[in-house]
Amino acid sequence: MAQHFEIRPLPGPLGAEVIGLDLTRELDAKDFAAIHRAHLDHHVLVFRAQHIQPEHQIRISKRFGPLQIHVLKDFQLPGYPEILRVSNIKEHGKPIGLGDAGVFWHSDLSYLVTPSLGSMLHAQELPSVGGDTLFANQHLAWETLPEELKARVADLQAEHSYLTQYETLRERSPWRPKLSQAQIDAVPPVAHPVVRTHPETGRKALFVSEHFTSRILGVSPDESDALLKVLFAHTTKSELVYRHQWQDHDMVFWDNRSVTHLAAGTPDHLRRKLYRTTIEGNVPY
Ligand code: SIN
């Protein structure tokens, strides 16, 4: 049965709130189509007041495509391999989740041949201070790139690797697990276009990120470093960014083909726990 809900665009470069929709109920075709359209138009949807269980998050995620399993299996929600726990909480001295997920700008799972279409992140436990997530609109990043830079990067490919920042992260967060050879073998580097085309809207977007892009292919290392420095700064300019301040029971659904995101950080002594699902997307072109 159709539900009564409202989609309220947020001021700024992206985002909309979804008010009054209950994701414990299965969406009918019309409501699903409205959410799908809003996701394409606004890139980040904030579903307020979702008192959902893991099963509901998995069900709504699967409406958009097959789900991806994160290579760090240690941080799966027990019984739900599709859910990655994003959390700084430690139980019996062991982290229950990935506490430093998203501390560099990135698009989820861009290091795979088929990066994520989108991700859903559901708030379980929020800190009283901090814990925001920032999203930057990569269509606007492309559209506002100076013309000579557009011409330089339009046909370039870049390498994405899960390992790009892994050791840096381990130095900062010693609890981050050392990867086994099997895990390393599961995430070989891949090449993706620097400028991708959104498969559903046809809009172009910049597709590089500090977290996973290791180099630009087919240019000298110096030129690669110089181009990436300029692109990383451009893709995260403040005018492209929406800062999400989490409210209890928010469920945020972002389009990894249109935005990059960053976890702004949580003071160590405050607890933060969210459940993340990732939906498989297309091979970027
Ligand atoms: C993520 O990158 O998926 C997590 C973002 C966050 O913790 O805010």
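When helices and strands are counted, the protein chain shows 7 helices and 18 strands. Taking 19 Å as the expected radius of gyration for a compact globule of 285 residues, we find that the protein chain reaches 18 Å, a close match to that expectation. Taken over the C-alpha atoms alone, the protein chain extends approximately 55 × 45 × 35 Å along its principal axes. For the protein chain, buried positions account for 56% of its 285 residues. Within the protein chain, contacts between residues separated by at least 24 positions form 81% of all contacts whose residues are at least 6 apart in sequence. By element, 53% of the accessible surface of the protein chain is carried by carbon and sulfur atoms, the whole surface being about 12600 Å². Considering the protein chain, the positive charge centre built from 30 side chains and the negative charge centre built from 34 side chains are found 2 Å apart.

Inspection of the region around the ligand gives Val86, Gly102, His106, Asp108, Thr133, Trp254, His261, Ala263, Arg272 and Arg276 as its neighbouring residues. In this structure, an oxygen atom belonging to the ligand sits 3.1 Å away from a side-chain N or O atom of His106. His261 places a polar side-chain atom, nitrogen or oxygen, 3.0 Å from an oxygen atom of the ligand. Protein burial of the ligand: of its 260 Å² of free accessible surface, 100% is covered by the chains.

Turning next to the nonpolar core. One finds Val44, Leu72, Phe135, Tyr162, Val252 and Trp254 to be the most contacted residues of the largest nonpolar core, which totals 27 residues. For this core, the secondary structure elements donating two or more residues are strand 3 (44-47), strand 5 (80-87), strand 8 (116-125) and strand 16 (251-255). In this structure Phe135 touches Leu14, Val44, Trp105, Leu240, Val241, Tyr242, His244, Val252, Trp254, Val259, Thr260 and His261, once residues within four positions along its chain are discounted.

What follows is about the packing of aromatic side chains. Enumeration according to the criterion identifies 9 aromatic pairs in this entry. Between Phe32 and Phe64 the ring centres are 4.8 Å apart and the planes differ by 50°, which places this aromatic pair in the tilted class. Taken together, the residues Phe32 in helix 1 (residues 29-42) and Phe64 in the loop between helix 2 (54-62) and strand 4 (76-77) connect sequence positions 32 residues apart. The same class applies to Phe32 and to Phe64, which are both buried.

Bringing the sheet that holds strand 11 (residues 190-193) into the picture now. Reading across the sheet, the 3 strands line up as 11-10-14 and stay open at both edges, with antiparallel pairing between neighbours. Looking at the sheet topology across the chains shown, the edges are occupied by strand 11 and strand 14 (213-216). Neighbour-to-neighbour, the strand axes of this sheet turn through a mean angle of 35°, independent of strand direction.

With that settled, the discussion passes to the confidence of the model for the protein chain. With 100% of its residues at a pLDDT of 70 or more, the protein chain shows a mean pLDDT of 97. Across the protein chain, element-level confidence peaks in strand 16 with a mean pLDDT of 99 and bottoms out in strand 7 (residues 94-95) with 92.

Next up on the list: helix 1. For helix 1, spanning 14 residues, the distance from its first C-alpha to its last is 20 Å, which sits close to the expected 20 Å at 1.5 Å a residue. For helix 1, every residue scored as buried is listed here: Asp31, Phe32, Ile35, Ala38, His39, Leu40 and His42. Those residues of helix 1 that are buried are in contact with strand 1 (6-9), strand 2 (16-19), strand 3 and strand 16. One or two positions beyond helix 1, positive phi appears at His43, with a value near 75°.

Another point: helix 7 (residues 221-235). When the terminal C-alpha atoms of helix 7 are compared, their 21 Å separation across 15 residues agrees well with the 21 Å that a helix rising 1.5 Å per residue should span. Looking at helix 7, one finds that the buried residues are Ser224, Leu227, Leu228, Leu231, Phe232, His234 and Thr235. Looking down the long axis of helix 7, one finds its buried residues gathered within 160° of arc, a one-sided arrangement. In this structure, helix 7 carries Asp222, Asp225 and Lys229 as exposed residues pointing more than 90 degrees from its buried face.

Before going further, it helps to examine the pairing of strand 18 (residues 273-280). Among the 8 residues of strand 18, 7 are classified as buried, and the element is accordingly described as predominantly covered. Here 4 bridges tie strand 5 to strand 18, and the two strands are oriented antiparallel to one another. In the strand pairing of strand 18, Val86 is matched with Leu274. Note: strand 8 against strand 18, 8 bridges, orientation antiparallel. Residue His122 lies in a different strand from strand 18, and its bridge partner there is Tyr275.

So, how was this worked out
Residues numbered from 1 in each chain as written. Predicted model: local features only at pLDDT ≥ 70, side-chain atom pairs only at ≥ 80, totals over all residues. Heavy atoms only, no water. Helix = DSSP H or I, 4+ residues; strand = E, 2+ residues; numbered from the N terminus. Rg over C-alpha atoms; globule rule 2.2 N^0.38 Å. Buried < 20%, exposed > 50% of the residue type's maximum accessible area, 1.4 Å probe, protein only. Contact = heavy atoms within 4.5 Å. Areas by Shrake-Rupley, 256 points an atom, 1.4 Å probe, with all protein chains shown as cover. Lys, Arg positive; Asp, Glu negative; His and termini not counted. Charge placed at Lys NZ, Arg CZ, Asp CG, Glu CD. Near = heavy atom within 4 Å. Polar contact = N/O pair within 3.5 Å; in protein donor to acceptor, adjacent residues only side chain to side chain. Core = buried A, V, L, I, M, F, W, Y, C linked by side-chain atoms within 4.5 Å. Phe/Tyr/Trp six-rings, centres within 6.5 Å; stacked < 30°, edge-to-face > 60°. Pairing = 2+ DSSP bridges. Axes fitted to C-alpha atoms, helices over the stretch in contact; angles between N-to-C directions. pLDDT = per-residue confidence, 0-100. Expected span 1.5 Å × (residues − 1). Arc of directions from axis to C-beta.

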